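Each chain is listed here by its residues.
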Amino acid sequence: MYPRRQLVAGRVVGIVFFVSEYFFTYKKTNLMDRLTQFIKDIPFFCFNTIIPAYLIKTIFFYYISFLHWASPGYVPLLEGFELSAGLLFFIGFLISDFVGYMTHRFLYHKKLWILHRMHHSSKVVRWHSSFRFNPLELALTTSLIYIIYSLLGIPKYLFYDLLIFNYFINYMAHSELPIGNKYIEKILVTPNYHRVHHSVDINNQRSNYAGVFTIWDRMFCSVNDTPLKNMKLGIK
């Protein structure tokens with residue numbers, strides 16, 4: 001399981017977003033509706049917080065052992081550089097965001113859409129929607145990130161440190177907070193930016209894939225500036 005610090009941080013941030021959405025949402029609704037929708041996503045939260053931790057203990061460490069067995073003299077690519085913890089953290093963060101972007105796009109292939117369909121299944125997108133994933137999708141993305149980390153030699157403790165940032169970023173991107181600015185979105189994903197991706201319109205869904213840095217959408221021509229007014233969310 002995750003270290004206690006990360007779990008506590010995730011819960012605290014979740015409470016902050018629940019309260020913030022209730023008072024500052026772009027789409028007013030009653031407290032009972034919010035509680036009902038939240039309860040629907042609790043099973044995803046419980047199960048999908050186990051998956052990455054399990055992978056850290058199995059996929060990552062098994063792969064390290066495999067590397068040493070297959071290539072006894074293998075030296076991680078970054079081991080020869082004296083990089084600070086802060087720089088390693090940033091490199092790890094950038095890698096996880098890029099891998100997330102590419103796998104996100106890849107999951108729209110007609111044979112893989114069944115994995116990602118679950119995330120778009122609800123007509124309501126709120127902070128807790130960030131946990132509504134098919135576990136196989138989460139396992140695929142997480143495994144790829146951890147394998148790349150092991151090849152580079154990024155310390156395993158950074159995996160857990162990244163979790164606190166991922167909690168906040170994913171909660172924010174999926175929240176109902178009316179936050180969006182064309183200048184901020186030149187660099188970072190905002191709730192308004194990501195909400196377009198959850199539109200029922202298939203053309204909107206196949207855009208704005210980025211999780212944190214919108215630079216990936218700009219590099220691969222998947223930016224969509226469609227106005228949000230009267231936009232329906234979910235899948236047809």
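Residues numbered from 1 in each chain as written. Predicted model: local features only at pLDDT ≥ 70, side-chain atom pairs only at ≥ 80, totals over all residues. Heavy atoms only, no water.

1. With respect to the overall build of the protein chain
We count it as follows: Numbering of helices and strands starts at the N terminus; helices are DSSP runs of H or I of at least 4 residues and strands are runs of E of at least 2. Only protein chains enter the accessibility calculation, which uses a 1.4 Å probe; a residue whose area is less than 20% of its type maximum is buried, one above 50% is exposed, and one in between is partly exposed. By the convention used here, residues are in contact when the closest approach between their heavy atoms is within 4.5 Å. Residue burial considers only the protein chains on display, and all accessible areas are found by Shrake-Rupley using a 1.4 Å probe.
Regarding its fold elements, the protein chain presents 10 helices and zero strands. Secondary structure elements of the protein chain occur, N-terminal to C-terminal, as α-α-α-α-α-α-α-α-α-α. By residue count, 45% of the 236 residues in the protein chain fall in the buried class. A sequence separation of at least 24 residues applies to 73% of the contacts in the protein chain between residues at least 6 apart. Taken as a whole, the protein chain presents about 13000 Å² of accessible surface, with 69% of it coming from carbon and sulfur.

2. Observations regarding the pattern of salt bridges
Test applied: A side-chain nitrogen of Lys or Arg and a carboxyl oxygen of Asp or Glu constitute a salt bridge if their distance falls within 4 Å.
For the structure on display, the rule yields five salt bridges. Linking Asp-33 and Arg-126 is a salt bridge whose minimum nitrogen-to-oxygen distance equals 2.8 Å. One end of the pair, Asp-33, is in helix α2 (residues 31–48); the other, Arg-126, is in the loop between α5 (113–116) and α6 (135–152), and 93 residues separate them in sequence. With its nearest N and O atoms 2.7 Å apart, the salt bridge here joins Glu-176 to Arg-34. Remark: Arg-34 occurs in helix α2 and Glu-176 occurs in the loop between α7 (157–174) and α8 (191–197); sequence separation between them is 142 residues. Of the two residues examined, Glu-176 and Arg-34, each falls in the buried class.

3. Overview of the confidence of the model for the protein chain
Going by this rule: Within a predicted model, pLDDT stands for the predictor's per-residue confidence, ranging from 0 to 100.
In this model, the protein chain carries an average pLDDT of 85, and 88% of its residues clear a pLDDT of 70 or more. Predicted confidence in the protein chain is weakest over helix α3 (residues 51–70), with a mean pLDDT of 65, and strongest over helix α10 (residues 215–219), with 96.

4. Points about the environment of Val-16
Secondary-structure assignment places Val-16 in helix α1 (residues 4–24). C-alpha separation for the pair Val-16 and Tyr-171, spaced 155 residues apart in sequence, amounts to 10.0 Å.

5. What to know about the side chain of Ser-222
In plain terms, the rule: Each polar contact in these results corresponds to two N or O atoms within 3.5 Å; when the atoms are within protein, one needs to be able to donate a hydrogen and the other to accept it, and residues that are neighboring in sequence are counted only if both atoms are side-chain atoms.
Looking at where Ser-222 falls in the secondary structure, it is placed in the segment after α10. A relative accessible area of 4% means that Ser-222 is categorised as buried. Side chain to side chain, Ser-222 and Tyr-101 meet in a polar contact 2.8 Å long. Those residues within four positions of Ser-222 in sequence are excluded, and the remaining contacts are Tyr-101, Arg-105, Ser-207, Asn-208, Tyr-209 and Asp-217.

6. Some thoughts on the packing of aromatic side chains
Basically, it comes down to this: Stacked, edge-to-face and tilted labels apply to pairs of Phe, Tyr and Trp rings (six-membered ring for Trp) whose centres lie within 6.5 Å, assigned for plane angles under 30 degrees, over 60, and everything in between, in that order.
On inspection of all chains with the given rule, the structure shows 16 aromatic pairs. Cluster of aromatic residues (ring-pair linked, three or more members): Phe-17, Phe-18, Phe-38, Phe-45, Trp-127, Phe-131, Phe-168 and Tyr-171.

7. A word on a nonpolar patch on the surface
As a reminder, the rule being used: What makes a patch is a set of residues exposed beyond 30% relative accessible area and free of salt bridges, joined within 9 Å when like-charged and within 5 Å when nonpolar (Val, Leu, Ile, Met, Phe, Trp, Tyr).
Residues Ile-15, Val-19, Tyr-22, Phe-23, Phe-24, Leu-31, Met-32, Leu-35, Ile-39 and Ile-42 make up a contiguous nonpolar surface patch of roughly 960 Å² in combined accessible area. At the level of elements, α1 and α2 are the ones that each hand at least two residues to the nonpolar patch.

8. As for the packing of helix α4 (residues 85–106) against α6
Describing two packed helices takes the angle between their axes plus the distance from one axis to the other. For the record, the criterion: Fitting a line to C-alpha atoms yields each axis, with helices limited to the stretch in contact; the angle taken between N-to-C directions then spans 0 to 180 degrees. Roughly parallel here means an angle under 35 degrees, roughly antiparallel means over 145, roughly perpendicular means 65 to 115, and every remaining angle is called oblique. Crossings are sorted by hand: turned counterclockwise from the far helix by less than a right angle, the near helix makes the crossing left-handed, and turned clockwise it makes it right-handed. Classes in brief: Ala, Val, Leu, Ile, Met, Phe, Trp, Tyr, Cys and Pro nonpolar; Asp, Glu, Lys and Arg charged; the others, Gly included, polar.
α6 packs onto α4 with a crossing angle of 140 degrees between their chain directions and a minimal axis gap of 10 Å. Taken as axis vectors, α4 and α6 run oblique relative to one another. Of the two elements, α4 crosses α6, and the hand of that crossing is right-handed. Taking contact as the criterion, the partners of Gly-92, Phe-93, Ile-95, Ser-96, Val-99, Gly-100 and Thr-103 in α4 are, on α6, Thr-141, Leu-144, Ile-145, Ile-148, Tyr-149 and Leu-152. Of the residues that constitute the contact of α4 with α6, the class distribution is eight nonpolar, five polar and no charged.

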